[in-house]
Structure formats: C-alpha cells, structure tokens
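Architecture at a glance
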Amino acid sequence: MAERAARRCCLGWDFSTQQVKVVAVDAELSVFYEDSVHFDRDLVEFGTQGGVHVHKDGLTVTSPVLMWVQALDVILEKMKASGFDFSQVLALSGAGQQHGSVYWKTGAGQVLTRLSPDLPLREQLQACFSISDCPVWMDSSTAAQCRQLEAAVGGARALSRLTGSRAYERFTGNQIAKIYQQNPEAYSHTERISLVSSFAASLFLGSYSPVDYSDGSGMNLLQIHDKVWSQACLGACAPRLEEKLGRPVPSCSVVGAISSYFVQRYGFPPGCKVVAFTGDNPASLAGMRLEEGDIAVSLGTSDTLFLWLQDPTPALEGHIFCNPVDPQHYMALLCFKNGSLMREKIRDESTSGSWGEFSKALRSTAMGNGGNLGFYFDVMEITPEIIGRHRFSAENHEVPAFPRDVEVRALIEGQLMAKKIHAEALGYRVMPKTKILATGGASHNRDILQVLADVFGAPVYVIDTTNSACVGSAYRAFHGLAAGTVVPFAEIVKLAPNPRLVATPTPGASQVYEALLQRYAMLEQRILSQTRGPPE
Ligand SMILES: O=C(CO)[C@@H](O)[C@H](O)CF
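Residues numbered from 1 in each chain as written. Predicted model: local features only at pLDDT ≥ 70, side-chain atom pairs only at ≥ 80, totals over all residues. Heavy atoms only, no water.

The name recorded for the chain in an unreviewed UniProt entry is Xylulose kinase, from Rangifer tarandus platyrhynchus. We quote the UniProt Function (unreviewed entry) comment for the chain here in full: "Phosphorylates D-xylulose to produce D-xylulose 5-phosphate, a molecule that may play an important role in the regulation of glucose metabolism and lipogenesis." Here the chain is described in UniProt, under the heading Sequence similarities (unreviewed entry), as follows: "Belongs to the FGGY kinase family." (UniProt positions renumbered as here; feature names shortened; annotations may be inferred.)

1. Side note on the overall build of the chain
The helix and strand inventory of the chain stands at 21 helices and 24 strands. Relative to its length of 536 residues, the chain is compact, with a C-alpha radius of gyration of 24 Å against a globular reference of 24 Å. Principal-axis analysis of the C-alpha atoms gives the chain an extent of 75 × 60 × 45 Å. Here the chain holds 536 residues, and the buried ones make up 60% of them. The contacts of the chain with a sequence gap of at least 6 include a subset with a gap of at least 24, amounting to 72%. Accessible surface, the chain as shown: approximately 20300 Å² in total, 53% of it carbon and sulfur. One finds the centroid of the 47 positive side-chain charges in the chain at a distance of 1 Å from the centroid of its 54 negative side-chain charges. (Helix = DSSP H or I, 4+ residues; strand = E, 2+ residues; numbered from the N terminus. Rg over C-alpha atoms; globule rule 2.2 N^0.38 Å. Buried < 20%, exposed > 50% of the residue type's maximum accessible area, 1.4 Å probe, protein only. Contact = heavy atoms within 4.5 Å. Areas by Shrake-Rupley, 256 points an atom, 1.4 Å probe, with all protein chains shown as cover. Lys, Arg positive; Asp, Glu negative; His and termini not counted. Charge placed at Lys NZ, Arg CZ, Asp CG, Glu CD.)

2. Some details on helix α5 (residues 143–153)
Because an α-helix packs 3.6 residues into every turn, residues spaced three or four apart end up facing the same way. When we look at burial in α5, the residues that qualify are Q145, C146, L149, E150 and V153. The buried residues of α5 occupy an angular sector of 135 degrees when projected down its axis, which confines them to one face. Looking at the residues trailing α5, positive phi occurs at G154, about 100 degrees. (Arc of directions from axis to C-beta.)

3. Side note on the confidence of the model for the chain
Residues shown with low pLDDT carry predicted positions that ought not to be read at fine detail. For the chain, the average pLDDT comes to 96, and 98% of its residues sit at 70 or higher. This prediction of the complex comes with two scores: 0.93 for pTM and 0.98 for ipTM. (pLDDT = per-residue confidence, 0-100.)

4. What about the pattern of salt bridges?
For the structure shown, the criterion picks out 22 salt bridges. K420 is the salt-bridge partner of E424, the closest N and O atoms lying 3.9 Å from each other. Taken as a pair, E424 and K420 lie in helix α17 (residues 404–425) at a separation of four residues, close to a single helical turn. Taking the relative accessible area as the measure of exposure, K420 reaches 13% and is therefore buried. Note that K494 is salt-bridged to E491, the shortest N-O span being 2.5 Å. The class for K494 is exposed, based on a relative accessible area of 51%. The partly exposed category is assigned to E491, whose relative accessible area is 39%. Through salt bridges with shared partners, a single network forms among K345, E349, D378 and R389. (Salt bridge = Lys/Arg side-chain N within 4 Å of Asp/Glu carboxyl O.)

What follows is the structure, given as structure tokens:
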C-alpha cells in the first residue's frame, strides 16, 4: 500500500446516545478520517435500543457504561486496522451526551493509572463502576428530586438564576440525588462521579478528568456566573458530593497528556494533549463556529435553538450553559418539541402531503399572513407548556380553521416567531453581524428559510452539521494547543469551511413582524393563562 503522507492532526470524539464517533482534522481544518461504532448494531450483547435501556416504569432510561468502554476499544482497533497513523495526533478532545453520569467505584482511579497496554479497556475496567447502568438524558424519573432541589434553593426561578436552568429530571444533580436515596450502598462505594464527557476524557487521561464548565452547566449544580459548585445544590442532592465531583475547569483547558496505555497500545505520541471534553450541544456550537450574536436553528423532529449570549437572562424555559469556547460568555439551548412532525402533519392535511405544494403555499401568502396567527402543538410543547391548535384572526378572535395556504404560513410563522420570542426572553438580541445557521431536515426547504430570515431580520446560512459535535471537538483540541496564549477560538477555526448564504430578509419584513411578534406573545400568554394558573 502506498505510504500514507504524515498528516499532523487533532481528533474529535463524540460519545453520543447511539454511537461513539471520531473524526481526524488536519491543520487546514479538513476532515480526513471518520469512523464510528454503533451500540445497537456493533455491540449487540448489551441489548440496547437507540443506545439505551428504557425501563418498565417508562421513566427510567439508562445505558451500560461498559458498552461505552468497549465501543472505544472497538473503534481504536478499527482505526489501527485501517492503518490510521496515531503518531500524528497532536491533541484530542471530545463530547458526550449531556447530563448522563458515570459512577467510578472506590479504587478505580488506581486501576486507571495502571492499565496494561496488552489488554483492552473493557477487560481491565470491568469491576470499576459502582453503577453499571448509567442514567442518561432521556430519563425522566426524578420529578421528586427536582422538587426537593428547587425547594432547597428557594424555587424554580431561583435555581434557574443560580445554575442556568430550573430543575429538570434529566439534569445530573437530580439523578445523583435519586441514586443516593435509592441505592445508598452504591453511592457510598463511589469515589468519583463523571459526566459522560469527563468519563470519556478520563479513559484517555488514565486518571479522573475534571468536569468542564459548559457540560457542568447541565447538572443543576454549577453556579454559572462564579463557575463553582453551588453548596446549596450539592447539599440538597447528596452528602460529600463535592469530593466526588472534583473541581470544575474552563472548557478550553488542557487536562493532561494522553495515558501511556494509548502510547504503547496504539502509538499515540507521548506529548499528545487531552483537552477537556464537553457536552454534545456545546461541542456542536463550536463545530458550527457560532460567534457572539449568532443563532443556530436545528429544524428536526424537535426544533432546537443554540444561542450565543453575553448577558443571559435565565428563565423557567430553556437552558443557559457556560460557553464552551469563550469562558466570559454563555450559550443557551431552547427545545421546541412540535417540530418536523407538526410540519409534516400540516403538509399532509393542507397540501396533500407535498412539500412542493407546501412551498407554493408559503410563496402565495404575504408576510404577516393578513394578521392571521396560529399555534400548532399536537403534543405537549416544552416551550412553552401548551397543547392543541389555536388559530386567531387579525382581530384576535379565535377561529376554528384557516384556508389551506393561510394554515401553512400560520404554522411556519408561528413556529419561527415563537423561537425569536423565547430566545429574546433568555437575553438573546439580533445584532447587525448576526448570522442564522439553519440545520436539520427542514433547512433544505428554502421557502421555510426565507420566513426564518424575515421573522428574525437576519441572513440565513446552511451548514453541514453531520459531525458537528466531533468536528467541534477537534476544533477545540486545536484551540487547546494554543492554551495559555490569548488566541481566540474564532482565529483558530478561520480556515474551516464557511456556511452558505441561502436567504436574506425581505424589504419591509421587520415592520411586519415587529407588530406580529407582539401579538403572538400576547396571545401565547392568553392561551397559557387559560390552560394553567398565573405564571410563577
Ligand atoms: O438533553 C439534551 C440537552 O439538554 C440532549 O440534547 C442531550 O445532550 C443529547 F445527548
């Protein structure tokens, strides 16, 4: 085989819900290698579906930690077999599904430092975990612990101001509290608790990696302004918790050099740096190269907004995390459950299942839709908590139906105005330099993106985000190599492929939507007050 040219690079890892993925990115920021191990398909013995075990109560959702360990063994062996030249790896970083937690048994730290390069990780770490099936982000079994935590710190809004979010069932602090309450023996035999991100970093380090600020912001435990653990939250969840978590670190930190295990078994250079791993969403923000004032809109099954914020306003909806690439700033995540499934339903009902007709309906109706407004939530919406379909005429009278073209525009304008209103409630503001990055299935529909540009009053770009968490992790590894210097992340990634401009605001759009957004916000509050008590 022709000798492969030496290619200095950084690796970006993603320990996600369904697989472990890796990309290799060279100094020109080109991705030249990628590989993955899919849990359900490649590690059948663990019996997962979608990478998880959904328990009989329908609320508890876990994943086997040894599956994640074995996936790393398998993917590294695949890379070795493919002839990947590990000696060229300057640094690596990674991402993990947010909120999940790993419980290292007393003594495991010693095992990590003394791994034999002659054996796979799975064999040597077999007995190192006090909890074998780890709680993950899909778990919703900790409602009681959420209420206890909010009560301990003065309520949901107080907790949101402190940690960036009100209590959420999937957030790690509440999961730790449940384990301490329901399995105290396992908790007492736990010497370290990692997130999935810092667990993965620990494997490469050969010692416990600290939790980074950004993923740590998804625990309901970290004070996002001071970047220290909240003693009130720690105390409300479990005893002696701070010693099990260790001190959190800035996300751009170099947490150490790669363990000799990987040097001897795979040929990594001894000086290969490990940069703190972080959550998958913060890593994706890095991969999309979001900058201050930018917003990424992922239009998928559920719609997700990634915001870059300088002065966040924590609220009862959405999540504020410490920014993964700028320790002075923040990011926010907003999830809208009624995303593409709702768009597909209206497409089927109003345009005979045709996206072409759906787009025609958008093009044949004017911005503002003649004052008609719609709220379309066939499943309970997260942001805000509303269910059902609610249509309003220009006079704010609720009506039972719209003509089909009006219905299509009312759906899309409603979904996108909700995004702007709730983003602004978290402190987001469109700036002159704002770019909107659209991703996900619906980002292939240019007519939907035109409405997005009109509602936000900003240009819309599309970007390939297939491996955004991995690529963002590789970018962060390069940034970590510059650690100690004041080189901003944007400077490190300026050679990366640029997003493609797809839509710019129609002249007059801001006048139309300024008034409509106010009406939408008022009507949303009207619906909320009709369906639940006064806001907290
Ligand atoms: O819970 C989430 C974010 O808060 C999910 O996006 C997980 O990070 C997916 F792994």
